[in-house]
Amino acid sequence: MSGHITEVTRRHIIDAYLLQRINWAGRLSEPEFLARIYNLRELPSTDGRFNNAYEDIQQHRVRNPYDWDDDYVFTDSRFNVLWGTDENFLRFLEMTVHPLVRNAEAAAQVLDIYNTALRPDGYRLVEDGEISGQPLFKARPLQGSFHGDLPEAIAKQPLLTDDGVLHEHLQRIKDTLTRDPARAIASSKELLESLFKLILTQENVEFARSDEVPALCKKVGEALNINAESVPASARGSQTIQKLLRTLATTIQSVAELRNEIGTGHGRTVPSVATEVHARLALNGTVAVAEFLLGTIQQRRTNNAFKAKAPVDPNPINWL
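In this text, all values refer to a predicted model and were calculated from it rather than measured experimentally.

S.K.: So what's going on with the overall build of the chain? Residues and values would help.
M.R.: If you tally the helices and strands in the chain, you get twelve helices and two strands. The order of helices and strands in the chain, counted from the N terminus, is α-α-α-α-α-α-β-β-α-α-α-α-α-α. Sorting the 320 residues of the chain into buried and exposed places 48% on the buried side. Of the contacts formed within the chain by residues at least 6 apart in sequence, a portion of 62% connects residues at least 24 apart. Element-wise, carbon and sulfur atoms account for 50% of the exposed surface of the chain, whose accessible area totals about 16,900 Å².

So this is what it looks like as structure tokens:
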């Protein structure tokens, strides 16, 4: 992985520490922080009075904190944060958002800075486990799927007669996922609403302009005859599918509620607390629902059953 994270990206992140007054060591002393990444007792001192890097830093940054500039660590050849390997740089970033260093709220703010800067180089920090109820974060390469950037699987399915509006929502989500998470959350909800209306229009099902997402979702379920007999050869399999469908229904309602609570809806009078993590969660939930519905349409077309509808299931899934 070495060499993928450019000096431009690294300096952008380093500048953010200075401009936004972020203490890279957080709640730890600098020797404590660095000792969790490097063996300071084996690294040399730059001061002949001391035996190793730990004693060196203790003298010049703890006892006399103004001996060295705050950003010394980035250019110190013993740590090589600015010019070293990707692994070394990312390990440093991971430690700055460790629960020992800062709480979850403060870590989320720093993560937004990191992930915005790292995106062009193909990396991001994601939640990977927890310790004492607090999230741990690890650097991961961006995947070429909707989890990384844009839900291409949806964008490339020409299953609806007029799906241009979906592409507009997808582009809006892509443009705002990092810089305006509240807007991205709202766009996720609007994508679902548009998708439901497109399906209902194509199926010649009437709906009111004032219908909310839950009502539209229910009508879509009825129009596509989504039912519990999804695995004809297995009653237990059908029951499991039914649970998954109800989970999707809950996801749909939750995306709508999230938009109301921390998105851009309802004439907000205070700043949104939404972060990229929240926006990506809303996007991924939206993608799961949209891919299922589009997949259902595709399957029915393949079976020549989309236009010649099957009998309506007397016991359809209660989506909501």
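From this point on, the discussion continues.
S.K.: Kindly report on the packing of aromatic side chains, identifying the contributing residues and their values.
M.R.: The way to describe two aromatic rings as a pair is by their centre distance and the angle between their planes. For the structure on display, the rule yields nine aromatic pairs. When the centroid spacing of 5.4 Å and the interplanar angle of 70 degrees are considered together, the rings of phenylalanine 33 and phenylalanine 92 count as edge-to-face. Pair noted here: phenylalanine 33 is in helix α2 (residues 30-35) and phenylalanine 92 is in helix α5 (residues 86-96), with a separation of 59 residues, a long-range link. A cation over an aromatic ring shows up here: arginine 41 above the ring of tyrosine 54, its NZ or CZ 4.1 Å from the ring centre.

S.K.: Go over the pairing of strand β2 (residues 134-141), please, and point to the residues and values.
M.R.: Relative to β2, strand β1 (residues 123-131) is paired through seven bridges, and the arrangement is antiparallel. Counterpart to glutamate 127 in the pairing with β2 is phenylalanine 137. Hairpin geometry of β1 and β2 is characterised by an intervening segment of two residues between the two adjacent antiparallel strands and by a positive phi of about 55 degrees at serine 132.

Conventions and cut-offs
- Residues numbered from 1 in each chain as written.
- Predicted model: local features only at pLDDT ≥ 70, side-chain atom pairs only at ≥ 80, totals over all residues.
- Heavy atoms only, no water.
- Helix = DSSP H or I, 4+ residues; strand = E, 2+ residues; numbered from the N terminus.
- Buried < 20%, exposed > 50% of the residue type's maximum accessible area, 1.4 Å probe, protein only.
- Contact = heavy atoms within 4.5 Å.
- Areas by Shrake-Rupley, 256 points an atom, 1.4 Å probe, with all protein chains shown as cover.
- Phe/Tyr/Trp six-rings, centres within 6.5 Å; stacked < 30°, edge-to-face > 60°.
- Lys NZ or Arg CZ within 6 Å of the ring centre and 35° of its normal.
- Pairing = 2+ DSSP bridges.

Take it as geometry only, folks, not as evidence of what the structure does.
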